[in-house]
Amino acid sequence: MKASYRHMLLFLVALIFFLNDAHMASVVDPIYGFVEVMLNESNFEYQKPYDTPLCQRYIYQNGIHRFWVYADDKPFRLGSNTQPRTEIRILPDYTSGVWQFEGVAFIPNGTSGATIVQIHGAAHGNTTSLLRIYNGEMRYYSTQVIDTNLYDRWFKVNLIHDVDGGKVTVFVDNKKKFKIHDQGPGLLYFKFGVYGAPKNISYYMESRWKDVKIYKKC
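Residues numbered from 1 in each chain as written. Predicted model: local features only at pLDDT ≥ 70, side-chain atom pairs only at ≥ 80, totals over all residues. Heavy atoms only, no water.

**Points about the overall build of the protein**
Then, in step 1: Across its full length, the protein holds 1 helix and 15 strands.
Then, in step 2: Look at the contacts in the protein between residues 6 or more apart in sequence, and 68% of them connect residues 24 or more apart.
Then, in step 3: Surface accessibility of the protein: about 11,500 Å² in total, with carbon and sulfur atoms responsible for 56%. (Helix = DSSP H or I, 4+ residues; strand = E, 2+ residues; numbered from the N terminus. Contact = heavy atoms within 4.5 Å. Areas by Shrake-Rupley, 256 points an atom, 1.4 Å probe, with all protein chains shown as cover.)

Set out below in structure tokens:
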């Protein structure tokens, strides 16, 4: 009996170490090897419905950017046929190298069909990557599911673009979730906020962001 108990105890200890090692292997530091690009207000360009004051679709308070938009809002400029948005475009633009967006996001329950962060610009099409929320899931555009159960909680997003290698990688809460080929080089930049998808969107869409940073690989 004592030998069986000892064997069981050793098995449980080994299992704990195995699970701990597996967990640690899945959690990495996405910014390792990167250098932060310092940002200030001059690095932010605001886009919002052209007929609506910014203060009616965006507020920055206590370190939190809050963006919201309605499905029947106007586009960001007169004559545009794009969906409504309230976003921040981050400068500088880039054309080569390895760049990374990092931010902590909160999406309230009910927001659906909304792009919350993107890489704009590409050789083919207008964008390299769109991360959208559909019913609490994060998707690459409207297709592959990247992560789930994201409503009503803060989660960290790291979006890495290796322009020279032609790859885009997504981390959520320091876990690598998704990797894909990009759409080719171009004049590129990051945007975050809320931007309605072409279809299947909720009437009200909102995202909140804090601790937004940009990094470049040495």
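**Here we look at the sheet that holds strand β5 (residues 85-90)**
Then, in step 1: Strand order across the open sheet formed by 7 strands is β2-β5-β14-β7-β8-β9-β10, with antiparallel pairing between neighbours. In this open sheet, the two strands that pair with only one neighbour each are β2 (44-47) and β10 (145-147). Sheet twist, expressed as the average angle between the axes of neighbouring strands with direction ignored, equals 20°. (Pairing = 2+ DSSP bridges. Axes fitted to C-alpha atoms, helices over the stretch in contact; angles between N-to-C directions.)

**Digging into the pattern of salt bridges**
Then, in step 1: In the structure shown here, the tally under the stated rule is 11 salt bridges.
Then, in step 2: Here D93 and R89 are joined by a salt bridge, their closest N and O atoms 2.8 Å apart.
Then, in step 3: A salt bridge links R139 to E137; the nearest nitrogen and oxygen atoms lie 3.0 Å apart.
Then, in step 4: Residue R139 is classed as partly exposed on the basis of its relative accessible area, which comes to 23%.
Then, in step 5: With a relative accessible area of 23%, E137 lands in the partly exposed category.
Then, in step 6: Via salt bridges that share partners, E45, R89 and D93 belong to a single interconnected network. (Salt bridge = Lys/Arg side-chain N within 4 Å of Asp/Glu carboxyl O. Buried < 20%, exposed > 50% of the residue type's maximum accessible area, 1.4 Å probe, protein only.)

**Some words on the environment of K74**
Then, in step 1: Relative to the helices and strands, K74 resides in the loop between β4 (64-70) and β5.
Then, in step 2: In the structure, K74 is positioned 10 residues away from P84 in sequence and 5.7 Å away in space, judged by C-alpha atoms.
Then, in step 3: Look past the residues within four positions of K74 in its chain and what remains in contact with it is P49, Y50, D51 and P84.

**What about the layout of surface pockets?**
Once rolled over the atoms, a probe with the size of a water molecule shows which space is left empty.
Then, in step 1: The volume enclosed by the largest pocket comes to roughly 410 Å³.
Then, in step 2: T82, R85, H120, N126 and Y195 are the residues nearest the centre of the largest pocket, which is lined by 20 residues in total.
Then, in step 3: Here the element with the most residues in the lining of the largest pocket is strand β14 (residues 189-196); it accounts for 4 residues.
Then, in step 4: Here the lining of the largest pocket is composed, by residue class, of 7 nonpolar, 9 polar and 4 charged.
Then, in step 5: In this structure, the second largest pocket encloses a volume near 200 Å³.
Then, in step 6: Listed by contribution, the elements that provide at least two residues to the lining of the second largest pocket are β1 (34-37), β2, β3 (58-61) and β15 (204-217). (1 Å grid on protein atoms, 1.4 Å probe; cavity = no way out; pocket = protein on both sides within 12 Å on 5 of 7 lines; lining within 4 Å. Points joined across faces, edges and corners; volume = space filled by probe spheres on them. Nonpolar A, V, L, I, M, F, W, Y, C, P; charged D, E, K, R; others polar.)

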